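Listed below, chain by chain, are the residues.
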Amino acid sequence: MDGTPSGPPLGIFPDAAWSVIDVPLGDDWSMMLYTDGLIEAAVHEPGRLLGVDGLVELVRAHGVIDLDGLIRHVGTLSDDLAVVMLRRRRM
């Protein structure tokens, strides 16, 4: 996302600093954390990577974050893949 603060990957530099931002999430929210193996995965065509834009398109197309569906959608992995889903629902 353009304009959002960022920093170096976690665990690379012991003295790294990141900008802090507050993000109001509300009562119901979901958050997906993933390694670059997901967005660097090939999809359907050799040399075509999923990328961040492709990941956003997949989530929007399904209306929800479906981890199994995302993993099935990607083709050849060129790196390790880890995905964690965090969700809060108001009871």
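From a predicted model like this one, the values you see are computed outputs, not experimental measurements. (Residues numbered from 1 in each chain as written. Predicted model: local features only at pLDDT ≥ 70, side-chain atom pairs only at ≥ 80, totals over all residues. Heavy atoms only, no water.)

### A look at the confidence of the model for the chain
Note the threshold: Residue-level confidence of the predictor is what pLDDT reports, using numbers from 0 through 100. Secondary structure elements follow DSSP: runs of H or I of four or more residues count as helices, runs of E of two or more count as strands, with numbering from the N terminus.
Residues with a pLDDT of 70 or more make up 90% of the chain, whose mean pLDDT is 80. Confidence, expressed as mean pLDDT per element, reaches its minimum in the chain at helix α3 (residues 67-73) with 75 and its maximum at strand β2 (residues 83-88) with 88.

### Digging into empty space enclosed by the protein
Note the following rule: Whether a set of points on the 1 Å grid over the protein atoms alone is a cavity depends on a 1.4 Å probe fitting there but being unable to get out, while an open set qualifies as a pocket with protein on both sides within 12 Å along at least five of seven lines; lining residues are those with an atom within 4 Å of a point. Grid points are joined across faces, edges and corners, and a volume is the space filled by probe spheres set on the points. Polarity classes work like this: nonpolar for Ala, Val, Leu, Ile, Met, Phe, Trp, Tyr, Cys and Pro, charged for Asp, Glu, Lys and Arg, and polar for all others, with Gly in that last group.
Taken as a whole and judged by the stated rule, the model has one cavity of 30 Å³ or more. Looking at the largest cavity, its volume works out to about 40 Å³. Leu 58, Val 59, His 62, Val 64, Asp 66, Gly 69 and Leu 70 together form the lining of the largest cavity. Counting only elements with at least two residues in the lining of the largest cavity, the list comes to α2 (51-62) and α3. By residue number, the principal contributor to the lining of the largest cavity is α2, which donates three residues. For the lining of the largest cavity, the per-class residue count stands at four nonpolar, two polar and one charged.

### A word on the environment of Ala 41
Definition in use: For every residue, the accessible area obtained with a 1.4 Å probe (protein chains only) is divided by the maximum for its type, and the residue is called buried under 20%, exposed over 50%, and partly exposed between those limits.
Tracing the chain through its elements places Ala 41 in the loop between α1 (36-39) and α2. For Ala 41, a relative accessible area of 0% puts it in the buried group.

### Describing the pattern of salt bridges
Counted only if it meets this: The salt bridge definition used is simple: a Lys or Arg side-chain nitrogen within 4 Å of an Asp or Glu carboxyl oxygen.
Evaluation of the coordinates by the stated rule reveals one salt bridge. Among the ionic pairs, Arg 90 bridges to Asp 27, the shortest N-O distance being 2.9 Å. One end of the pair, Arg 90, is in the segment after β2; the other, Asp 27, is in the segment before β1 (29-34), with 63 residues separating them in the sequence. Using a relative accessible area of 37% as the deciding quantity, one classes Asp 27 as partly exposed.

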